[in-house]
Amino acid sequence: MSRASDRAYVMIRDMILSGDLPSGAKIGEEALAEQCGVSRTPIREALGRLEAELLIRRSDTQRSFVADWSLEDVEEVFELRGLLESRAARRAATRISRSQIERLKTHHAAIGEAINAPTPDTQQFVEHNHLFHSVILEASASAELTSMLARIIERPIVHRTARNYSFDDLKRSHRQHGELVAAFEQRDPAWAEAVMVSHIRRAFHTYANAHIDQRIPDMSQAAE
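Residues numbered from 1 in each chain as written. Predicted model: local features only at pLDDT ≥ 70, side-chain atom pairs only at ≥ 80, totals over all residues. Heavy atoms only, no water.

Draft legend 1. Representation of the overall build of the protein. When helices and strands are tallied, the protein shows eleven helices and two strands. Along the protein, helices (α) and strands (β) appear in the sequence α-α-α-β-β-α-α-α-α-α-α-α-α when read from the amino end. Looking at the protein residue by residue over its 224 residues, the buried ones come to 43%. For the protein, the accessible area works out to roughly 12100 Å², and carbon and sulfur atoms hold 49% of it. (Helix = DSSP H or I, 4+ residues; strand = E, 2+ residues; numbered from the N terminus. Buried < 20%, exposed > 50% of the residue type's maximum accessible area, 1.4 Å probe, protein only. Areas by Shrake-Rupley, 256 points an atom, 1.4 Å probe, with all protein chains shown as cover.)

Draft legend 2. Representation of the pattern of salt bridges in the model. Under the criterion given, the structure shown has 15 salt bridges. Notably, a salt bridge pairs Arg 98 with Glu 185, separated by 3.5 Å at the nearest N-O pair. Highlighted residues: Arg 98 in helix H5 (residues 98-115) and Glu 185 in helix H9 (residues 167-185), separated in sequence by 87 residues. Where Asp 168 meets Lys 171, a salt bridge forms, and the shortest distance between an N and an O atom there is 3.7 Å. Here Lys 171 and Asp 168 lie together in helix H9, a separation of three residues that amounts to about one turn. Lys 171 gets classed as partly exposed once you look at its relative accessible area, which sits at 29%. One salt-bridge network, held together by shared partners, links Arg 98, Glu 102, Lys 105 and Glu 185. (Salt bridge = Lys/Arg side-chain N within 4 Å of Asp/Glu carboxyl O.)

Draft legend 3. Quick look at empty space enclosed by the protein. Summed over all chains, the structure comprises one cavity of 30 Å³ or more. One number sums up the size of the largest cavity: a volume of about 60 Å³. Around the largest cavity, the lining residues are Tyr 165, Asp 169, Arg 172, Ser 173, Gln 176, His 199, Arg 202, Ala 203 and Thr 206. Looking at the lining of the largest cavity, the elements that each hand over two or more residues are H9 and helix H10 (189-215). Within the lining of the largest cavity, the residues separate by chemical class into two nonpolar, four polar and three charged. (1 Å grid on protein atoms, 1.4 Å probe; cavity = no way out; pocket = protein on both sides within 12 Å on 5 of 7 lines; lining within 4 Å. Points joined across faces, edges and corners; volume = space filled by probe spheres on them. Nonpolar A, V, L, I, M, F, W, Y, C, P; charged D, E, K, R; others polar.)

Draft legend 4. Summary view of the nonpolar core. By size, the foremost hydrophobic cluster in this structure holds 39 residues, and its most contacted members are Phe 78, Leu 104, Phe 125, Ile 136, Leu 180 and Phe 184. Sorting the residues of this core by element identifies helix H4 (71-93), H5, helix H6 (122-140), helix H7 (143-152), H9 and H10 as the ones contributing at least two each. In contact with Phe 184, other than residues within four places in its own chain, are Ala 89, Ala 92, Ala 93, Ile 96, Ile 101, Leu 104, Ile 136 and Ala 192. Among the nonpolar cores identified, the runner-up in size contains 19 residues, and Ile 12, Ala 33, Cys 36 and Leu 50 belong to it. (Core = buried A, V, L, I, M, F, W, Y, C linked by side-chain atoms within 4.5 Å. Contact = heavy atoms within 4.5 Å.)

Draft legend 5. Main features of the packing of H4 against H7. Contact geometry for H4 and H7: axes closest at 10 Å, N-to-C directions at 145°. For the element pair H4 and H7, the recorded crossing hand is left-handed. Of the residues in H7, those touching H4 at Val 77, Leu 80, Arg 81, Leu 84, Glu 85, Arg 87, Ala 88 and Arg 91 are Leu 145, Met 148, Leu 149 and Ile 152. (Axes fitted to C-alpha atoms, helices over the stretch in contact; angles between N-to-C directions. Left-handed = near helix turned anticlockwise from the far one by under 90°.)

Draft legend 6. Expanded view of the packing of H5 against H9. H9 packs onto H5 with a crossing angle of 165° between their chain directions and a minimal axis gap of 10 Å. The angle between H5 and H9 falls in the class roughly antiparallel. Crossing angle aside, the handedness with which H5 passes H9 is left-handed. Together, Arg 98, Ile 101, Leu 104, Lys 105, His 108, Ile 111, Gly 112 and Ile 115 of H5 and Phe 167, Leu 170, Lys 171, His 174, His 177, Gly 178, Val 181, Phe 184 and Glu 185 of H9 make up the contact between the two elements. Taken together, the residues of the contact of H5 with H9 break down into eight nonpolar, five polar and four charged. (Parallel < 35°, antiparallel > 145°, perpendicular 65-115°, else oblique.)

That is the geometry; function is a separate question.
Here it is in structure tokens:
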């Protein structure tokens, strides 16, 4: 792949993950080429990579669109994430180092600062939430789990979940992170696994509730 293709891939991927290119949006190669400052050939190469990652789908007429997943698709991804991350937490509980636990505590504290700010800082929450989970994956010392989770945790439906969190959801997530730290300090794999299962499942229901609220019309208004 050329440097131009790599640059286009990163830029388009970031637009999809951030929501600047929303689910279901038609992909215009010419417009993207102008935005990315490259020719259409690198755009086509980048789109091929993104299609392989399931971020883009191609229609029967060979037009490209940002992937739009059903709630059933979303639940399947969260189920996979729950299986893999709970397994990682279980492994990490007996392998995690003191320095890794201290890093978890640092990210946990940063998340607390983010959600307790006068206006909750969602970006800081997302950043340190990702780093918190990354430390657990690192401590699990499993190349297979790392590889399988790499694609799942960066898909747009997961990346955007925090945008739907209420203040109570943020606090609940923060408490669960604290319980994970406690489980790791006790070197208790069953406890760490159980908390992680609950943590991921709760995230799915937050996403699902927002998905339903956005897509089901208000029947009382429709009847007027």
